[in-house]
Amino acid sequence: MRETVYVLGGAQTKFGELWNKSLSDLIREAIDGAIATTGILPTDIDYVVIGNMVGGETAEQAHLGTLASSMLPHRPPSLRVEAACASGGLAVHTACAFLESGKAETVLVIGAEKLTDVAGDIVTSALMRAGDAEKDARAGLTFPSIFALTAAAYMHTYGLKREDLSLVSENSHKAAVKNPYAQFRKEIPAAAISKSPLIADPLRLLDCSPISDGAAALILSTKRESNVRIAASQLASESLSLTERASLTSFVSTRTAFVRALSESGWDKNSIDALELHDCFSIATLIHLEDLGYAEEGDAIRIFRQGDAGLDGALPINMSGGLKACGHPIGATGVKQVLDCFKQLSGTAHHQVSDVKRALAHNLGGVGATCTVHLLETIA
Amino acid sequence: MDRIPALHRRIKELEKAKLLPGIIESFTVVRHPPAGFGTEPYIVALIALHDGTKVMGQLTRDSSAPTIGATVTPHMRRIRTMSNGLLVNDLKYEVVTMKTMPIFTMTSYVLAVSGPSGVGKTTITRQLMTMFRSYAEQVPIVSTRAAKKNDTEPYVHVSKEEFDALVAKKEIISWTHMPSATELRYYGYRKRDIEAIWKKGKLPIVVTELNLLKGLVDSLGRRAVLSCGLLPPGKSKRLMLSVLLHRLRTRGRDTEEQIVERLKIAEADLKAFTDHAHLFDHMLVNDELGTCVETIRDLVKVGN
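Reading the values: the criteria
Residues numbered from 1 in each chain as written. Chains lettered and ligands numbered in written order. Predicted model: local features only at pLDDT ≥ 70, side-chain atom pairs only at ≥ 80, totals over all residues. Helix = DSSP H or I, 4+ residues; strand = E, 2+ residues; numbered from the N terminus. Buried ≥ 20, exposed ≤ 12 C-beta atoms within 10 Å, placed from the backbone. Contact = placed C-beta atoms within 7 Å. Rg over C-alpha atoms; globule rule 2.2 N^0.38 Å. Nonpolar A, V, L, I, M, F, W, Y, C, P; charged D, E, K, R; others polar. Pairing = 2+ DSSP bridges. Axes fitted to C-alpha atoms, helices over the stretch in contact; angles between N-to-C directions. Domains from an automatic or database assignment. Core = buried A, V, L, I, M, F, W, Y, C linked by C-beta atoms within 7 Å. Parallel < 35°, antiparallel > 145°, perpendicular 65-115°, else oblique.

**What to know about the overall build of chain B**
Inference 1: When its secondary structure is counted, chain B shows eight helices and 14 strands.
Inference 2: In terms of its C-alpha atoms, chain B occupies a principal-axis envelope of roughly 65 × 45 × 40 Å.
Inference 3: Looking at chain B as a whole, 34% of its 304 residues are labelled buried.
Inference 4: Relative to all contacts within chain B whose residues are 6 or more apart in sequence, the contacts with residues 24 or more apart total 64%.

So, in structure tokens, the structure goes:
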């Protein structure tokens, strides 16, 4: 990082089916919470960056930058960014770029999505815009089925069993019990996950992150200090269409973003104490762990079998409940992941890992077409 | 969302598209389709085409069960319905063989005549052979069955060991086993017999049954087989079967037990016409021999 970017704090709404709240209600609630917890004045905010994917289709609202800016008394400059499910991570990355360049000193970063106002098949179509419209979506593909293609290929290549996949969701559901913002706060045993209804073979309902509403906001600053800083902010791309990939069982964007982030921070990957991974589907978590280098190809399931992904494990994963159990309001997710890392590092998490110094937030757009990686650490 | 100009561009693109077969790299069943794709589950596969490019494609509904590595071939089918009611066609893919490449590419086609025992396959084929003597030839059947005096089909008799060796070497491209209490009945078609007929510039004719037909379709490709199903006259299945029973009895080739056995197979054959409708291009009712032969002759002329 060219400048020290401090995370002053942030807030999130509850994630879930929030029929009583509109997109702007959610954004306002997150902004109010972030300003209140950090104790800054609203007018300290120089810039507003908001991540959102399908507001135009599911909330009939575009122009979200100014919508958010309008909620502040001084109407600061604002913009909306979009990279499908990585819209939130992209918003944090964009804010870092403004801060590093000196264009801004304090930035309000928001991620927000409202999905449950429209029928299921409309949401399904809207979310498929994250894929290639001409090459992938034309065949009638949906996002669960795109990841099902990677799951089927992974199982075929590495002999992974259906029952193994359930261990990943089980871990997320267990972690979410303590998170008051989570959509599902109930432990679900692996056996029940393996019996949930099929969505896109081999993926079942409980392999998939839910359709959620929600928002999250962060205040980042180079001017005001805190004891948590962003040590690296990286963004990487891979071909949009699955038809142009060499491999179905690895996402090059994750590998690229992480290698660059390690080089930017000067860290060793084994010095990271907690991970927030983009577990949009159970199979994705396994692929990420291999792309990040925490497991050999085809071997990531071992981390879950050995119980290493839990609170007391060697590599705690998604202690917020992840996308699977905390919920996945598309644009909000990447911001909320960084917020959860901040909570772990400042010792305020509901499911607190002991002795955390370094944390990673990994946000994915599409089927690995975009990836953002943020590394956060506490400063003594 | 309905984007009519986008549909126009796709139609232009499809006009120029090479219709290539490919191999399934991965597939899934979409159980919750997006808007416009109906409510019934369908299968989507990532397919590596034979020219090295990849496509995402739906499998046809009549496809056999896909596997990773299976070969598929494209067809134009309805893929979705626009909100204004416009039906949209696009390429869908049919699984043609399991984990095997086509054994040889189509240079011509094969006329397949199938139908239940007693429907008149042999008679019709004989008529066709007379009519087409200079440009059609019947494909011999390789069989483990002992030769009989009154055999009407061209047979090549082999031992079971020889038959298995031919299958293993992929010399036999389609085969079937007919369970029988009295004899070992394996039947098959040799690749070289069909190729030899094509080399002479002639049309190979097979008088066949469901399993053999499936085998031919799998190895030659669906479009390389002009497939005609023959039905006995009769408004109901019961009437059709009594016509067959009458014909089998008057033919006098079989014992009463054999006739009952044949009739059971015939019943299954009739059912196959509806269960495997995609394997048949034309269904003909053999109520008047001359008309039926002429119909097939016309089909072949068009096919040529």
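**Things to note about the overall build of chain A**
Inference 1: A count of helices and strands for chain A gives 13 helices and eleven strands.
Inference 2: A globule of 380 residues ought to have a C-alpha radius of gyration of about 21 Å, and chain A, at 19 Å, matches this closely.
Inference 3: Overall, the C-alpha framework of chain A stretches about 55 × 45 × 40 Å when taken along its three principal axes.
Inference 4: The buried share of chain A, reckoned over its 380 residues, is 64%.
Inference 5: Here the analysis covers contacts within chain A between residues at least 6 apart in sequence; of these, 79% occur between residues at least 24 apart.

**Regarding the interface of chain A and chain B**
Inference 1: Every contact between the two is made by 25 residues of chain A and, on the other side, 24 residues of chain B.
Inference 2: Secondary structure elements with two or more residues in the side of chain A that touches chain B: α5 (120-127), α6 (143-158) and β5 (198-200) of chain A.
Inference 3: Broken down by element, the side of chain A that touches chain B gets its largest block of residues, six residues, from α6 of chain A.
Inference 4: For the side of chain A that touches chain B, the per-class residue count stands at 13 nonpolar, seven polar and five charged.

**Quick notes on the sheet that holds strand β3 (residues 78-81) of chain A**
Residue and element names in this part refer to chain A.
Inference 1: Pairing within the open sheet is mixed, and its nine strands lie in the order β3-β2-β4-β7-β1-β8-β11-β10-β9. Of all strands in the sheet, those with a lone pairing partner are β3 and β9 (274-276), marking the two edges. Strand-to-strand twist of the sheet, defined as the mean angle between neighbouring strand axes without regard to direction, takes the value 25°.
Inference 2: By the bridge criterion, two bridges tie strand β1 (residues 5-12) to strand β8 (residues 228-237) in an arrangement that is antiparallel.

**Here we look at the domain arrangement of chain B**
Residue and element names in this part refer to chain B.
Inference 1: Looking at the assigned domains, one finds that chain B contains domain 1 (4-97) and domain 2 (110-303).
Inference 2: With centres defined by C-alpha atoms, the gap from domain 1 to domain 2 works out at 33 Å.
Inference 3: The interface of domain 1 with domain 2 comprises five residues on the first partner and five residues on the second.
Inference 4: Per-element accounting of the side of domain 1 that touches domain 2 gives the leading share, three residues, to strand β5 (residues 87-97).
Inference 5: Of the residues that constitute the side of domain 1 that touches domain 2, the class distribution is one nonpolar, two polar and two charged.

**Examining the pairing of strand β11 (residues 186-190) of chain B**
All names here are of chain B.
Inference 1: Strand direction decides the pairing type here: strand β8 (residues 141-143) and β11, joined by two bridges, are antiparallel. Within the sheet, the bridge partner assigned to Val 142 lies in β11 and is Gly 188.
Inference 2: Bridge count between strand β10 (residues 172-177) and β11: five bridges; the pairing is antiparallel. Bridging from a neighbouring strand, Trp 175 pairs with Gly 188 of β11.

**Some remarks on unusual backbone geometry**
Residue and element names in this part refer to chain A.
Inference 1: With an omega of 5°, the peptide bond running from Asp 201 to Pro 202 counts as cis.
Inference 2: Following the sequence through the fold, Pro 202 ends up in the loop between β5 and β6 (203-204).
Inference 3: For His 63, which is not a glycine, the phi torsion comes out positive at approximately 60°.
Inference 4: By the C-beta count within 10 Å, which is 12 here, His 63 ends up exposed.
Inference 5: For Ala 84, which is not a glycine, the phi torsion comes out positive at approximately 50°.
Inference 6: Mapped onto the elements, Ala 84 comes out in the loop between β3 and α4 (87-101).
Inference 7: Ala 84 gets classed as buried once you count the C-beta atoms within 10 Å, which come to 23.

**Examining the nonpolar core**
Residue and element names in this part refer to chain A.
Inference 1: Core analysis: the largest hydrophobic core is formed by 153 residues, its most contacted members being Val 109, Ile 110 and Ala 217.
Inference 2: With nine residues, the single largest contributor to this core is α6.
Inference 3: Ignoring anything within four residues of it in the chain, the contact list for Ala 217 reads Gly 10, Ala 11, Ala 30, Ile 31, Gly 33, Ala 34, Leu 108, Val 109, Ile 110 and Val 335.

**Re the packing of α4 of chain A against helix α13 (residues 330-345) of chain A**
Residue and element names in this part refer to chain A.
Inference 1: Across the interface, α4 lies against α13 with an axial gap of 5 Å and an inter-helix angle of 55°. Taken together, α4 and α13 sit at an angle that is classed as oblique. Note on element contacts: α13 touches α4 through Ile 330, Gly 331, Ala 332, Thr 333, Gly 334, Val 335, Lys 336 and Val 338, opposite Ser 87, Gly 88, Gly 89, Leu 90, Ala 91 and Val 92.
Inference 2: Residues belonging to the contact of α4 with α13 are distributed by class as follows: seven nonpolar, six polar and one charged.

**Let's talk about the sheet that holds strand β12 (residues 203-208) of chain B**
Sheet strands line up and pair through hydrogen bonds in the backbone, either parallel or antiparallel.
Residues and elements named next belong to chain B.
Inference 1: The five strands are arranged β7-β12-β6-β13-β14 in an open sheet whose pairing can be described as parallel. Every other strand in the sheet has two partners, leaving β7 (136-138) and β14 (282-285) as the edge strands with one partner each. The sheet shows a mean angle of 25° between the axes of neighbouring strands, direction not considered.
Inference 2: As paired elements, β7 and β12 share three bridges and run parallel to each other. Within β12, the position partnered with Ala 136 by the bridge is Leu 203.
Inference 3: In the packing of helix α2 (residues 121-131) onto the sheet, contacts are made with β6 (110-114), β7, β12 and β13 (225-231), and the angle to β12 comes to roughly 165°.
Inference 4: Of the strands in this sheet, β6, β12 and β13 are in contact with helix α5 (residues 210-220), which crosses β6 at around 160°.

**A closer look at α5 of chain B**
Inference 1: Buried within α5 of chain B we find Leu 212, Leu 213, Leu 216, Val 217, Asp 218, Ser 219 and Leu 220 of chain B.
Inference 2: Phi for Gly 221 of chain B, located one or two positions after α5 of chain B, is positive at around 100°.

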